[in-house]
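Below are the chains, spelled out letter by letter.
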Amino acid sequence: MFNHVLLCTHGTDGAKRAEAFIFGKLEANPELKVTVLTVLDEDWRQMTGDDWLNSSKTQTTFLDHVENQMDEEIAEDWQRIKTSHPVAERATFLQKTGNIAETITTTAKDLGCDLIVLGPWCKSKKFSIHSTRVGLKATLKNKELHPLLPCPLLIVS
Amino acid sequence: MSKVQEQMPTLIMGAGLIIYGLIAKSGALLSMTKVLHTHKTLDLQVTMTLVLGCIAIAGALLNTTRKSGATNLDTFVLRPLGGIILILVMAMAIRWYAEPVMKLISKALQPTLGFKIYKVLNLNYVVLGILSGVLLTNTWGIPKFAAEGVKCARFVLKMGVIMLGARYSFAELAKLGVYSVFLVGFFVLGTVFLVLWLGNLFKQPKTMTGVLAAGMGVCGVSATVAVAPVVKAKSAEMAYTIGTILSFGIICMFVFPTIGKLAGMSPVQFGAWAGTGILNSAQVAAAALAFNAVDIETLKVAEIFNITRVLFLPVIVLVLATWFGKETGQKLSFKSVVIDKFPVFIIGFLLLFFMSSMGLFSPPSHYKGKYIDVSYNDRSQVTPEEWEVLNSAMTAGEFSGLTETQLEAVTNLVEQRQIAGNYEDRSNKKAFDHVGRARMTQLQGILAAAKAKQVKLSGDVKAAIKHAVKQVKKKSKTVVTLTDFMIWFFAFGLIGLGMQITKKAITQAGGWPIVMGVISGITKATLSFFVVLWLVKDVVLN
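Quantities reported herein were computed from a predicted structural model and do not represent experimental measurements.

Reading the values: the criteria
Residues numbered from 1 in each chain as written. Chains lettered and ligands numbered in written order. Predicted model: local features only at pLDDT ≥ 70, side-chain atom pairs only at ≥ 80, totals over all residues. Helix = DSSP H or I, 4+ residues; strand = E, 2+ residues; numbered from the N terminus. Rg over C-alpha atoms; globule rule 2.2 N^0.38 Å. Buried ≥ 20, exposed ≤ 12 C-beta atoms within 10 Å, placed from the backbone. Contact = placed C-beta atoms within 7 Å. Pairing = 2+ DSSP bridges. Axes fitted to C-alpha atoms, helices over the stretch in contact; angles between N-to-C directions. Nonpolar A, V, L, I, M, F, W, Y, C, P; charged D, E, K, R; others polar. Domains from an automatic or database assignment. Parallel < 35°, antiparallel > 145°, perpendicular 65-115°, else oblique. Left-handed = near helix turned anticlockwise from the far one by under 90°. Right-handed = clockwise from strand over helix to strand, strands pointing away. Core = buried A, V, L, I, M, F, W, Y, C linked by C-beta atoms within 7 Å. pLDDT = per-residue confidence, 0-100.

A. Molecular detail of the overall build of chain B. The helix and strand inventory of chain B stands at 24 helices and two strands. For 542 residues, the compact-globule estimate of 2.2 N^0.38 gives 24 Å, and the C-alpha radius of gyration of chain B, at 25 Å, lies within 12% of that figure. C-alpha extents for chain B along the principal axes are approximately 80 × 65 × 55 Å. Residues counted as buried form 50% of the 542 residues belonging to chain B.

B. Structural detail: the overall build of chain A. Scanning chain A for helices and strands turns up four helices and five strands. Seen in sequence order, chain A has helices and strands lined up from the N terminus as β-α-β-α-β-α-β-α-β. The 157 residues of chain A split such that 34% are buried. Residue pairs in contact within chain A that sit at least 24 positions apart in sequence constitute 81% of those at least 6 positions apart.

C. Focus on unusual backbone geometry. Residue and element names in this part refer to chain B. A positive phi angle, close to 55 degrees, is found at lysine 203, a residue other than glycine. Tracing the sequence through the fold places lysine 203 in the loop between α10 (170–201) and α11 (206–231). Notably, lysine 232 is not glycine yet its phi reads approximately 55 degrees, a positive angle. Among the structural elements, lysine 232 can be located in the loop between α11 and α12 (235–262).

D. How the structure looks around the sheet that holds strand β4 (residues 115–118) of chain A. Residue and element names in this part refer to chain A. If you walk across this open sheet you meet the five strands as β3-β2-β1-β4-β5, and the pairing is parallel. Taken across any chain shown, the strands that pair with only one partner, and hence form the sheet edges, are β3 (92–98) and β5 (153–155). Between one strand axis and the next, the sheet turns by 25 degrees as a mean value, whatever way the strands run. As paired elements, strand β2 (residues 33–41) and β3 share seven bridges and run parallel to each other. Across the sheet, the residue bridging to leucine 40 is threonine 97, located in β3. Running at roughly 155 degrees to strand β1 (residues 4–8), helix α1 (residues 13–28) makes contact with β1, β2 and β4 of the sheet. In this fold helix α3 (residues 100–111) packs onto β1, β2, β3 and β4, with an angle of close to 150 degrees to the strand it touches most, β2.

E. Examining the interface of chain B and chain A more closely. Contacts between the two partners involve 41 residues from chain B, matched on the other side by 33 residues from chain A. Among the elements of the structure, α9 (153–164), α11, α12, α14 (281–291), α22 (477–498), α23 (503–506) and α24 (511–535) of chain B are those that each provide at least two residues to the side of chain B that touches chain A. Tallied by class, residues from the side of chain B that touches chain A come to 24 nonpolar, 11 polar and six charged.

F. Structural detail: the domain arrangement of chain B. Residues and elements named next belong to chain B. Segmentation of chain B into domains returns domain 1 (3–151), domain 2 (163–362 + 479–535) and domain 3 (369–475). Its C-alpha centre places domain 1 at a distance of 29 Å from the equivalent point of domain 2. Of the residues lining the interface, 23 residues belong to domain 1; the matching set on domain 2 comes to 19 residues. Every element with two or more residues in the side of domain 1 that touches domain 2 is listed here: α5 (81–113) and α7 (125–138). Of all the elements, α7 adds the most residues to the side of domain 1 that touches domain 2, at 12 residues.

G. Fine view of the environment of Gly49(A). Take Gly49(A): it is sitting in the loop between β2 and α2 (56–84). With sequence-adjacent residues up to four places away left out, Gly49(A) is seen in contact with Val221(B), Ile242(B), Leu246(B), Gln500(B), Ile501(B) and Ala505(B).

H. Structural view of the packing of α12(B) against α14(B). Residue and element names in this part refer to chain B. Interaxial distance between α12 and α14 falls to 9 Å at its minimum, and their mutual angle equals 30 degrees. The orientation of α12 relative to α14 falls into the category roughly parallel. At the point where α12 passes α14, the crossing takes the right-handed sense. Facing Gly249, Cys252, Met253, Phe256, Pro257 and Gly260 of α12, the residues of α14 in contact are Gln283, Ala286, Ala287, Ala290 and Phe291. Classifying every residue of the contact of α12 with α14 gives eight nonpolar, three polar and no charged.

I. Here's a closer look at the packing of α11(B) against α24(B). Residues and elements named next belong to chain B. At a minimum axis distance of 11 Å, the contact between α11 and α24 shows a crossing angle of 35 degrees. Crossing of α11 against α24: the hand is right-handed. Here α11 contributes Met208, Leu212 and Met216 to the contact with α24, which in turn contributes Trp512, Pro513, Met516, Gly517, Ser520 and Gly521. Class assignment of the residues belonging to the contact of α11 with α24 gives a composition of six nonpolar, three polar and no charged.

J. Seen up close, the environment of Ile22(A). All names here are of chain A. Here isoleucine 22 is to be found in helix α1. Among the residues examined, isoleucine 22 registers 25 C-beta atoms within 10 Å and is labelled buried. Each C-alpha atom of the pair isoleucine 22 and valine 34 lies 8.2 Å from the other, and the pair is 12 residues apart in sequence.

K. Spatial organisation of the environment of Ala285(B). Residue and element names in this part refer to chain B. Tracing the backbone shows alanine 285 in helix α14. You can call alanine 285 buried: it has 30 C-beta atoms within 10 Å. As a C-alpha pair, alanine 285 and glutamate 303 span 18 residues in sequence and 6.9 Å in three-dimensional space. Those residues in contact with alanine 285, other than ones at most four positions away along the chain, are Leu299, Ala302, Glu303, Phe490 and Leu494.

L. Highlighting the pairing of β1(A). When you tally the buried positions in β1(A), you get four out of five residues, the bulk of the element. Crossover connection from β1(A) via α1(A) to parallel β2(A): handedness right-handed.

M. Just the nonpolar core, in detail. Residues and elements named next belong to chain B. Ranked by internal contacts, the top residues of the largest apolar core, which has 172 residues, are Ala286, Ile316 and Leu320. Counting residues per element, this core draws most heavily on α11, which supplies 16 residues. Here this core spans two domains, since at least three of its residues come from each of domain 1 (3–151) and domain 2 (163–362 + 479–535). Not counting chain neighbours up to four residues away, the residues in contact with isoleucine 316 comprise Val188, Val192, Ala214, Gly217, Val218 and Ala223. Counting residues in each nonpolar core, the second largest holds 21 residues, with Leu402, Ile446, Ile465 and Ala468 among its members.

N. Local environment of the pairing of β4(A). All names here are of chain A. Pairing analysis gives three bridges linking β1 to β4, with the strands arranged parallel. Note on β4: the bridge partner recorded for leucine 6 is isoleucine 116. Inspection of the sheet shows β4 paired to β5 by three bridges, in the parallel sense. Bridge pairing in β5 places leucine 118 opposite isoleucine 155.

O. A look at helix α13 (residues 267–277) of chain B. Among the 11 residues of α13(B), 11 are classified as buried, and the element is accordingly described as predominantly covered. Regarding α13(B), the residues found buried are Pro267(B), Val268(B), Gln269(B), Phe270(B), Gly271(B), Ala272(B), Trp273(B), Ala274(B), Gly275(B), Thr276(B) and Gly277(B).

P. The arrangement of the confidence of the model for chain A in detail. For chain A, mean pLDDT is 84; residues scoring 70 or higher make up 89% of the total. Mean pLDDT values over the elements of chain A span from 83, in helix α4 (residues 142–145) of chain A, up to 93, in α3(A).

Below you can see the structure in the form of structure tokens.
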């Protein structure tokens, strides 16, 4: 029914469920085209908060470190996906930086995807001691994502 | 979007400023500003709004007609202009309207609430400025036209600290320097080692404890930003640490001044405590100005502690780099760890200090570099607490033993909140100055009479009068001008920094960083509070 699926993941438990579902479908339907998208949240630029003491060089070094670190973490996550789902070797992996809702929808539009797949919205555990989730805590908001959607959206719960 | 549309907000702000300036010049705002107690700043309001309005319109027109390039004029003036004007408009609105209105509301609510909100929450122009910045960025967001200008806040705040350098004497710097090196040295290193120990105790990764130790120990987010690449912190560790530090710092900014006032701390003690216990250095400046926004004594002390702390940053980076390198075999050059992290603006601060100490800003005619200035200036005023002491003493008839001229001087001090000439004579500088100086002489006479036990005054009343006299003994005009600019630079910088505190960054607080951060932060704040009360005595500040 669908030809090109955009699977958005950032390694959370919910995203892993979406991965399992889509790669299951890919095994059943070898014709299906899957693009795995990981978005580096542009809000990382705001994480220097109210730092005013450091020179622009130190701040650039910090932002470069964040970018390199995220690249490494994303590469590790992609490796995890490939190890857990060998069929993922047939998928295309893509990393982009920007506003998450805008980047997902723009990418889907540019690639001509006919389905966007996400994991379920996680309940925010703002003060949990044991959980330090990957990346930033902020989650996608329906009211931001839905008006921009160029194709159907599937939430795998 | 056309260039005219892009520049429209700046043009509108410019036109608004000019219209406001003209209305203020016509005298139409006099009665309203008298209610707000800001009428003495009307001349300044007219000058600032007209000058800024003209600059905004000229800059916006230039931006509309000129092709934007990579020249210094484009980078440092024309592109940031919209944001700079926006922050200045906010700063003026807060200083001349929001803060006075807050005081009036607070006073009106006092009978119902039993306390003054203004005093309890320290809602002066500095705190209101940061809050308005935070509010703007987390509701509508920073407008596109202002994005470049908001980035100037960091530079402007550094300029404020550099200008502050002109306000220290050798004796002050030596005395405060000794206090700060010992206190900051002990608490910075102590907190760094406490967090490293907690990390070991809770079996947390070294990358996380390293970055949290720097943030909690030295200077908050700035230290985290400097150390994260050195200890190779992971993304979640950085996010959680920065969120924890920002949240803790914002709470401290409100809580510290209230505790300081309840504990009866002197400006020197509070400056020392804030400079040691508050994490982010911008919040140290904000808390110091929140504790005492009338004059800059607290800020002077807090900034010395701040600067000492910042000077420790390269040392801590070196310590953590060595500690981390031992584990990983990673080697870093001395240049990349220490030289690159050295805060260059401190050289500017020291330069101004030396220039001021050498007497470059004070003509020889000024006795010991000081002179009497009875003109209207916010910093010449007595503090709100002192004003209340004087007002209550006046109502209670405590000044009944004074002569008629002495009583007139005290009455006028209560009315004007500072030693000054008659408001109606302010355009006749000679007459204004003469009356103001005569009132100062009368007040000095009251203090002498009280000392000789000819009149009986309470200690608080004597202290308030003494402070009023001290407030009009200014340093040279250059130093006063530098200080005036400095106050606006701080207001500008702190509003701009407020705009960079996002809800997203604050709500990152969590995980083990918040547990370890709260333990170490509260320990540092509590211990430094008692040590400062025990150790730091008053330093005579000019």
